[in-house]
Amino acid sequence: MLLSYVNAHKKSGNAWQTYLAQIDRVIPYLGELAKWEQSLRHPKRILIVDVPIEMDDGNVHHFEGFRVQHNLSRGPGKGGLRIHQDVTLEEVMALAGWMTIKNAAVNLPYGGAKGGIRVDPSTLSMKELEKVTRRYTSEIGLLIGPTKDIPAPDVNTNSQIMAWMMDTYSMNSGTTATGVVTGKPVDLGGSLGRTKATGRGVFMTGCEAARRMNLNISNARVAIQGFGNVGSAAAELFAAAGAKVVCIQDQFCTVFNHHGIDITAAVKAHEEKGRIDDVANTERINAEAFWDVDCDILIPAALESQLTAARAQRIKAKLVLEGANGPTLPEADDVLNDRGINVVPDVICNAGGVIVSYFEWVQDFSSFFWTENEINQRLDNIIVQALQRIFEVADKLKVSLRVAAFTVACERILMARQLRGLYP
Ligand code: GLU
């Protein structure tokens, strides 16, 4: 019923259709395990919740929330909570599917899940945002838990929102359940290094891919779409390594300087004003011109479905690092492949966040906390080794890194599925 509803909305650029097209492309490489492929196309569990809150002006508003557990074969559900005015069920299904693949691609003992609330958080006061978060958490309380499904930050959610979620779940269960969410403040069982972990993973996978292409990071030109948690942390690391970040696009503007933008100033402007349009020594360019910028590395780190086939024809970069989830449409993948442009796919490129979420969860269970140095080293090892394995599979099968990453991940997921067998 639900899937037939989704099929009725088939259109290019729909994230769930992108996810399904990516699954189609991996099936020929799964051998006997392909027998179980339908389990990748059917989310295990979907909860749609009504989130009513009293607004500051006394009116009651109802918001729609979702939690999708896509697959739990390899462990509890894991994946973030997104708060955005355009969130739809199909988008959350796709994001949950990509979490299943991502967690398996880097071999974390998790299934895949994702949550969403459809509201523009910039229209809410702090108090209203807290009420929305708490009521949503309470409504999805039947699904989440430290060994069941563990939310984390995603687009427009942060450590404060995780603290409210942890508190709401704890109040409802009569416990202090730090392990129910990750990405919490460090003072509440959060992990050092978590905030910058996704950007760090983008940088580390970028360095490994660049090394294999003989592309020198220390004089590479980088263009970044999105200057939130992922884009800004990646920008800082690339700039620190000597690369020139020549273009940044956020939701309000696109700024350019072919000598390289001062990233410290951009981060400061973003922190203080939430925008980057008046950073010194930058020129404002048209949003669509972002895709024509002369650069070596392009980092889509905003929302899905940004890299269309037409834009893929225009880009100048030799390497695309998918900081966002699902930024590239399947037709664009074909264009990039034909043009010999390497793409480090989202399911490995942005896995740094969930890897350190895993470290946070392990630390919460053992109540023993690691140093930032230990965390960063473990993250670097896991993500670079996982990418090396994906490069080997890509070479062996003569496929793109995306198909290789999906092959590695789907083999693990479907093997677990097969070993567990069907119940009853
Ligand atoms: N939202 C992040 C992602 O898309 C992190 C998820 C997590 O840490 O569970 O990978």
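Here, the structure is the one placed above.
Rules of the game
Residues numbered from 1 in each chain as written. Predicted model: local features only at pLDDT ≥ 70, side-chain atom pairs only at ≥ 80, totals over all residues. Heavy atoms only, no water. Axes fitted to C-alpha atoms, helices over the stretch in contact; angles between N-to-C directions. Helix = DSSP H or I, 4+ residues; strand = E, 2+ residues; numbered from the N terminus. Parallel < 35°, antiparallel > 145°, perpendicular 65-115°, else oblique. Left-handed = near helix turned anticlockwise from the far one by under 90°. Contact = heavy atoms within 4.5 Å. Nonpolar A, V, L, I, M, F, W, Y, C, P; charged D, E, K, R; others polar. Buried < 20%, exposed > 50% of the residue type's maximum accessible area, 1.4 Å probe, protein only. Near = heavy atom within 4 Å. Polar contact = N/O pair within 3.5 Å; in protein donor to acceptor, adjacent residues only side chain to side chain. Areas by Shrake-Rupley, 256 points an atom, 1.4 Å probe, with all protein chains shown as cover.

Trainee: Even after reading the chapter, I still don't get the packing of helix 7 (residues 197-212) against helix 14 (residues 372-397), so can you show me in this structure?
Mentor: Running from N to C, helix 7 and helix 14 cross one another at 45°; their axes reach a closest spacing of 10 Å. Taken as axis vectors, helix 7 and helix 14 run oblique relative to one another. Judged by the twist between their axes, the crossing of helix 7 over helix 14 is right-handed. Contacts between helix 7 and helix 14 involve Ala-197, Arg-200, Gly-201, Met-204, Thr-205, Glu-208, Ala-209, Arg-211 and Arg-212 on the former and, on the latter, Asn-376, Leu-379, Asp-380, Ile-383, Val-384, Leu-387, Gln-388 and Phe-391. Considered class by class, the residues forming the contact of helix 7 with helix 14 number eight nonpolar, four polar and five charged.

Trainee: Help me understand the packing of helix 14 against helix 15 (residues 401-420), please; the structure alone is not making it clear to me.
Mentor: Helix packing for two helices is described by the angle between their axes and how far apart those axes are. Running from N to C, helix 14 and helix 15 cross one another at 110°; their axes reach a closest spacing of 8 Å. One element, helix 14, and the other, helix 15, form an angle in the roughly perpendicular class. On helix 15, the residues that touch Arg-389, Ile-390, Phe-391, Val-393, Ala-394 and Leu-397 of helix 14 are Leu-401, Ala-404, Ala-405, Thr-407, Val-408 and Arg-412.

Trainee: How should I be thinking about helix 11 (residues 330-338) in this particular structure?
Mentor: The set of residues buried in helix 11 consists of Pro-330, Ala-332, Asp-333, Val-335 and Leu-336. Packed against the buried residues of helix 11 are helix 2 (15-26), helix 10 (309-314), strand 13 (342-344) and helix 15. One or two residues past the end of helix 11 sits Gly-340, with phi positive at roughly 70°.

Trainee: Which parts of the structure should I look at to understand the environment of Gly-80?
Mentor: Relative to the assigned elements, Gly-80 resides in the loop between strand 3 (77-78) and strand 4 (81-84). The buried category is assigned to Gly-80, whose relative accessible area is 5%. It is 14 Å that separates the C-alpha atoms of Gly-80 and Arg-118, two residues lying 38 residues apart in sequence. Not counting chain neighbours up to four residues away, the residues in contact with Gly-80 comprise Arg-67, Ala-113, Lys-114, Gly-115, Ala-152, Pro-153 and Asp-154.

Trainee: What exactly am I supposed to notice about the site of the ligand here?
Mentor: The environment of the ligand is formed by 14 residues, the closest being Lys-78, Lys-102, Pro-153, Asp-154 and Ser-357. One nitrogen or oxygen atom from the side chain of Lys-114 is found 3.0 Å from an oxygen atom belonging to the ligand. The backbone of Pro-153 places a nitrogen or oxygen atom 2.9 Å from a nitrogen atom of the ligand. A total of 290 Å² of accessible area belongs to the ligand in isolation, and the protein chains cover 95% of it. Only helix 4 (89-105) and helix 13 (352-366) provide two or more residues apiece to the shell around the ligand. Of all the elements, helix 13 adds the most residues to the shell around the ligand, at three residues. Tallied by class, residues from the shell around the ligand come to four nonpolar, five polar and five charged.

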